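Letter by letter, the chains look like this.
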Amino acid sequence: MVKSTLVVRASDALPLAASVDDEQTEQSLSEHKQQAKLIFRRISPNSEPRCSIESGQYSLHYLIADNVIYLVITDKSYPRKLAFSYLDELSKEFQTSYGAKVDTVRKPYAFVGFDTFMSKTTRLYQDTRTASAAGASHLDKLNDELQDVTRIMTKNMEELLWRGDSLDRMSHLSTSLRSESEKYRRAARNINFQAMLRQYAPIGGVLFLLIILIWWRFS
């Protein structure tokens, strides 16, 4: 389910709005909210505009649009399609309501009023099982209509914390290229091996028959 939402300015990580979480949620997600701050600091103009980052039993999904980062923390099992549909809805409403003021505000949480829309939208996306049990088909309809998220970059929080991994597009492209290169190398080795078999198998067969004949002749 959707656990917590943060909205910050991309250029300097200034908090613009956030969901109002209860005390239990605050305690259980304190570490992950610190991780979210790390993600905000790692984001640059070259960063992937959409990314999912796995961290223990939770996932942190972010969307960058018009100098604003929208980040939601969800259970790891929560569908990515729904997470990014949720972020899309937030970004559209936020841009309509506050887009013109984003670059000029100076104080944190200048748009606390956005929590009303976040709360309403969170309830819609809260839990697919609850929605199903209540007979709400709207969530299923949204899930069917959503965009393909298979190309969205996925990272592991450990890679960001300890390995200094990057959220940049070029880093993702480099990783993809390395993966594709390794795939092609394996395919090339297989092709070369098959070609060698075709080339030398007849010779090997003849030599084998000669050995058998010689052994039979002198045995």
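In this convention, every chain numbers its residues from 1, walking through the sequence in written order. Totals for whole chains, interfaces and linings use every residue, but because this is a predicted model, local features are given only for residues with pLDDT of at least 70 and side-chain atom pairs only at 80 or more, for both listing and counting. Hydrogens and water molecules were not included; the side-chain quantities draw on all heavy atoms of the structure.

> Help me understand the pattern of salt bridges in this model?
Note that side chains of opposite charge can pair when their charged atoms are close. When a carboxyl oxygen of Asp or Glu lies within 4 Å of a side-chain nitrogen of Lys or Arg, that pair is called a salt bridge. Scanning all chains against the criterion turns up 4 salt bridges. A salt bridge links Arg-50 to Asp-88; its shortest N-O distance comes to 3.0 Å. Remark: Asp-88 occurs in helix α3 (residues 80-98) and Arg-50 occurs in strand β3 (residues 50-55); sequence separation between them is 38 residues. In the salt-bridge network here, residues are joined through shared partners; they are Asp-21, Glu-26 and Lys-33. Helical segments are the DSSP runs of H or I of at least four residues, strand segments are the runs of E of at least two, and each set is numbered from the N terminus.

> In this structure, what is going on with the confidence of the model for the protein? I would like to understand it.
Interpretation of this model should avoid reading the predicted coordinates in detail wherever pLDDT is low. A residue's pLDDT is the confidence the predictor assigns to it, expressed on a 0 to 100 scale. Summarising the model, the protein shows a mean pLDDT of 79, and 70% of its residues fall at 70 or more. Here a residue-residue contact requires only that any non-hydrogen atoms of the pair lie within 4.5 Å. Long-range and interchain partners of residues 131-136, a stretch whose pLDDT sits below 50, account for 2 contacts in this model, where long-range means more than four residues apart.

> Got a minute to help me understand unusual backbone geometry in this structure?
For residues other than glycine, phi is negative in most cases, and the peptide bonds are mostly trans. Here Ala-13, not a glycine, exhibits a phi torsion of approximately 60 degrees, which is positive. A relative accessible area of 24% places Ala-13 in the partly exposed class. We note that Asp-66 has phi near 55 degrees; this positive angle belongs to a residue other than glycine. Tracing the chain through its elements places Asp-66 in the loop between β4 (58-65) and β5 (68-75). You can call Asp-66 exposed: its relative accessible area is 54%. For each residue, the accessible area found with a 1.4 Å probe, counting protein chains only, is set against the maximum for its type, and the residue is called buried under 20%, exposed over 50%, and partly exposed in between.

> Explanation requested: the nonpolar core in the structure shown.
The tendency in soluble globular proteins is for nonpolar side chains to be buried side by side. One finds Val-7, Leu-16, Phe-94 and Phe-114 to be the most contacted residues of the largest nonpolar core, which totals 26 residues. The set of elements that each furnish at least two residues to this core consists of β1 (2-9), β2 (15-18), β5, α3 and α4 (115-125). Per element, the largest residue contribution to this core is 8 residues, and it comes from α3. Once you skip the residues sitting within four places of it in the chain, Phe-114 turns out to touch Val-7, Ala-17, Leu-90, Glu-93, Phe-94 and Tyr-98. Leu-6, Ile-39, Ile-69 and Ile-73 belong to the second-largest nonpolar core, a separate cluster that totals 19 residues. Grouping buried Ala, Val, Leu, Ile, Met, Phe, Trp, Tyr and Cys residues that are joined through side-chain atoms within 4.5 Å yields what is termed a nonpolar core.

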